[in-house]
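Fold and geometry: a report
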Amino acid sequence: ILVAISVFLFSFSGLFHRVLMKDIKSDPYAQTIAFYGLCGIFSLIISIFHGGFQYKIAAYQLPYFFLLAIFVTAAPVLVFKAAKVVEASESSILLSSQRLWLVIGAFIFLQEQFSFKKLIGTIIILLGIGVALWIKKRFVLNQGVILLFLAALCYAIGEIVVFNILRNFDAISLNVYISFIPVVTLILLKPKTFKKLVFYLKPKYALNITVVSLNDTIASIFLFFAYQVGRNAAQIGPIMATQTIISVLLAIIILKERNNLVNKIIGSVTVVFGVFLVL
C-alpha cells in the first residue's frame, strides 16, 4: 500500500519538472536548489509533528551521507539539464534503467537474497515501459541521452545508500538530510546560482515548484516507510518503475492523449506481468 501511494504521487512529478524546464530562463542548478530546498522545509515540518527531527548521525553513517552529497546532488542536475534537449517519453525510458541497477545493487550491496524471478520481472517491466513510450523513430546518442544514463546510475546508487541508512535511521528525518544536502552542496560550489532563484518567485513557477516539492516529499516518505516495513529493495525498485506507466494511463484518461494507443496498452499489460513476477 505504501509503495502504491508513492508510485501514484511520483507519477505527476515528471510533468511538473518538464513544464518548468521548458522556459529558457530556467536553470538546472537553481531548480535543484529551489526544489530540494522546499522538500527539506516540508520534510522538517512533518518530522517535527511526527515525533521530532533526528539530527544525530552516528560516526559509521557519515561516509554514507558523504556519498549522498555526491549522487543526490548530481542526479537531478543531470536530469534537469537533459530535460532541455530530450523529449519526455525518451527521458522516461532512459531513466527507468535505474531500476535494473537498483535490483542488482540490492543483491550485491544490501545483501538481499538473489532472485532470478525478480531480475526477469524487472527486465520485463523495463521492456513494457519501452514499448509503451516508444515513438517510431530511432534513438540518437546525444549529450542528453548520456546525461540521462548517468542520472539513472546516480539515482540507483543514491537509493542503495538511502536504503542502507534507513536500517537504523528515522525515515522522515533522513528525507530532511537528503533534501538539504544537495542545496548546501550547490550553494558552496555555485554560489552565483542564488541570483537565478528569482525566476521561481514568479507566481506561476512558484506554485508549480511548491506543488511538485510537496508531492515528492510525501511520496519519498511513503517509499522510505515501505522499505523499513519490508526491507526488500529488489522488490520495491521495480514496482516504483511502474510510475511511468501510471503517468501514461493518466494522460490517456485525463488528457485524452491517445496517440500510439496500441503500444501503450501492450506496454501496460507487459508491465503488469512483470510486476506479478517481482511480487
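This text follows the structure it describes.
Summary of the structure given here. (Residues numbered from 1 in each chain as written. Predicted model: local features only at pLDDT ≥ 70, side-chain atom pairs only at ≥ 80, totals over all residues. Heavy atoms only, no water.)

So, about the overall build of the chain. The helix and strand inventory of the chain stands at 13 helices and 0 strands. Order of helices (α) and strands (β) in the chain, N terminus to C terminus: α-α-α-α-α-α-α-α-α-α-α-α-α. Buried residues in the chain amount to 52% of all 279 residues. Across the chain, contacts joining residues at least 24 apart in sequence account for 89% of those joining residues at least 6 apart. Of the accessible surface of the chain, which amounts to about 13,900 Å², a share of 73% is contributed by carbon and sulfur atoms. (Helix = DSSP H or I, 4+ residues; strand = E, 2+ residues; numbered from the N terminus. Buried < 20%, exposed > 50% of the residue type's maximum accessible area, 1.4 Å probe, protein only. Contact = heavy atoms within 4.5 Å. Areas by Shrake-Rupley, 256 points an atom, 1.4 Å probe, with all protein chains shown as cover.)

Right, let's talk about the packing of helix α1 (residues 2–10) against helix α10 (residues 203–230) for a bit. The contact between α1 and α10 brings their axes to 8 Å, and the two run at 155°. Our classification of the angle between α1 and α10 gives roughly antiparallel. Classified by chirality, the crossing of α10 by α1 is left-handed. On α10, the residues touching Leu 2, Val 3, Ile 5, Ser 6, Leu 9 and Phe 10 of α1 are Asn 215, Asp 216, Ile 218, Ala 219, Ser 220, Phe 222, Leu 223, Phe 225, Ala 226 and Val 229. (Axes fitted to C-alpha atoms, helices over the stretch in contact; angles between N-to-C directions. Parallel < 35°, antiparallel > 145°, perpendicular 65-115°, else oblique. Left-handed = near helix turned anticlockwise from the far one by under 90°.)

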